[in-house]
Amino acid sequence: MTKFRKLGRPAAHRVSMLKTMVSQLVKHERIETTVAKAKEVRRLADRMVQLGKDGTLAAARNAAAFVRGDDVMHKLFTELAYRYKNREGGYTRLLRTRIRIGDAAPMAYIEFVDRENELREAKPPTPQPPQRPSVDPWARSRASMQWASSSSPKPNTSES
């Protein structure tokens, strides 16, 4: 069973709040909330984008059971699915912003990456390291051959 934050709310209230926050994130592409809520929204929003990328009828029904609004569903399955078609994961970014005045709660922006007017540019993908040639485990290396030739006793040809 996966662990999740309870966020100080009963189960029904928590699920309703997270559904609304994911729907608003998809609609506006950036929201400000507390860090704990943003971390939970990130998990769910990434899952919804993955459903949008799948594009099947079953994925559409699963997403429709979670997000609110036909405009949000349309954006999820058209715009966001096209934007992230080559990205494997990590569709959202969490940026810590300030401490809230009333209760000193740490606040954060959660936003989609690779969009217009983003707060921070996405990092370029790291290049893959060059492929090393495969090594035959039974072949002798140059170093072992060098040590073997210098340490072997030389035959003594001059006997007196």
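Reading the values: the criteria
- Residues numbered from 1 in each chain as written.
- Predicted model: local features only at pLDDT ≥ 70, side-chain atom pairs only at ≥ 80, totals over all residues.
- Heavy atoms only, no water.
- Pairing = 2+ DSSP bridges.
- Helix = DSSP H or I, 4+ residues; strand = E, 2+ residues; numbered from the N terminus.
- Axes fitted to C-alpha atoms, helices over the stretch in contact; angles between N-to-C directions.
- Parallel < 35°, antiparallel > 145°, perpendicular 65-115°, else oblique.
- Left-handed = near helix turned anticlockwise from the far one by under 90°.
- Contact = heavy atoms within 4.5 Å.
- Phe/Tyr/Trp six-rings, centres within 6.5 Å; stacked < 30°, edge-to-face > 60°.
- Buried < 20%, exposed > 50% of the residue type's maximum accessible area, 1.4 Å probe, protein only.
- Lys NZ or Arg CZ within 6 Å of the ring centre and 35° of its normal.
- Nonpolar A, V, L, I, M, F, W, Y, C, P; charged D, E, K, R; others polar.

K.L.:
For this particular structure, what's the right way to read the sheet that holds strand β3 (residues 106–112)?
P.N.:
Where strands meet in a sheet, backbone hydrogen bonds hold them as pairs that are either parallel or antiparallel. Across the sheet, which stays open at both edges, the 3 strands sit in the order β1-β3-β2 with antiparallel pairing between neighbours. Where the open sheet ends on each side, the last strands, each with one partner, are β1 (30–34) and β2 (92–99). Averaged over neighbouring strand pairs, the angle between their axes works out to 25° when direction is ignored. The pairing of β1 with β3 spans 5 bridges and is antiparallel.

K.L.:
I'm lost on the packing of helix α3 (residues 57–64) against helix α4 (residues 70–83) in this one. Help?
P.N.:
Helices that pack against each other are described as a pair by the angle of their axes relative to one another and the distance between those axes. Direction vectors running N to C along α3 and α4 enclose 140°, while the axes themselves pass 10 Å from each other. In terms of axis orientation, α3 runs oblique to α4. Both α3 and α4 take part in a crossing whose hand is right-handed. Judged by residue contacts, Ala59, Ala60, Ala63 and Ala64 of α3 engage Met73, Leu76 and Phe77 from α4.

K.L.:
Help me understand the packing of aromatic side chains in this model?
P.N.:
The geometry of an aromatic ring pair is captured by two quantities: the separation of the ring centres and the angle between the planes. What the rule picks out here adds up to 2 aromatic pairs. On the numbers, 5.2 Å between centres and 50° between planes, the contact of Tyr84 with Tyr91 is tilted. The same class applies to Tyr84 as to Tyr91, namely buried. One aromatic cluster in this structure is built from Tyr84, Tyr91 and Phe112. Across from the ring centre of Tyr109, 5.9 Å away, lies the NZ or CZ of Arg30, which sits over that ring.

K.L.:
Please clarify how the packing of helix α2 (residues 35–54) against α4 should be interpreted in this entry.
P.N.:
Closest axis-to-axis distance for the α2/α4 pair is 8 Å, and the angle between their directions is 90°. Judged by the angle between their axes, α2 and α4 are roughly perpendicular. Counting all contacts with α2, which are made through Met48, Val49, Leu51, Gly52 and Lys53, the residues of α4 involved are Leu76, Phe77, Leu80 and Ala81. The class makeup of the residues in the contact of α2 with α4 is 7 nonpolar, 1 polar and 1 charged.

K.L.:
Explain the pairing of β3 to me, please; I cannot follow it from the model alone.
P.N.:
Where a strand is regular, its side chains alternate between the two sheet faces. A large share of β3 lies buried, amounting to 5 of its 7 residues. Pairing geometry for β2 and β3, over 6 bridges, is antiparallel. Within β3, the residue paired with Arg96 across the bridge is Ala108. Joining the antiparallel neighbours β2 and β3 is a turn of 6 residues, in which Ala104 adopts a positive phi near 60°.

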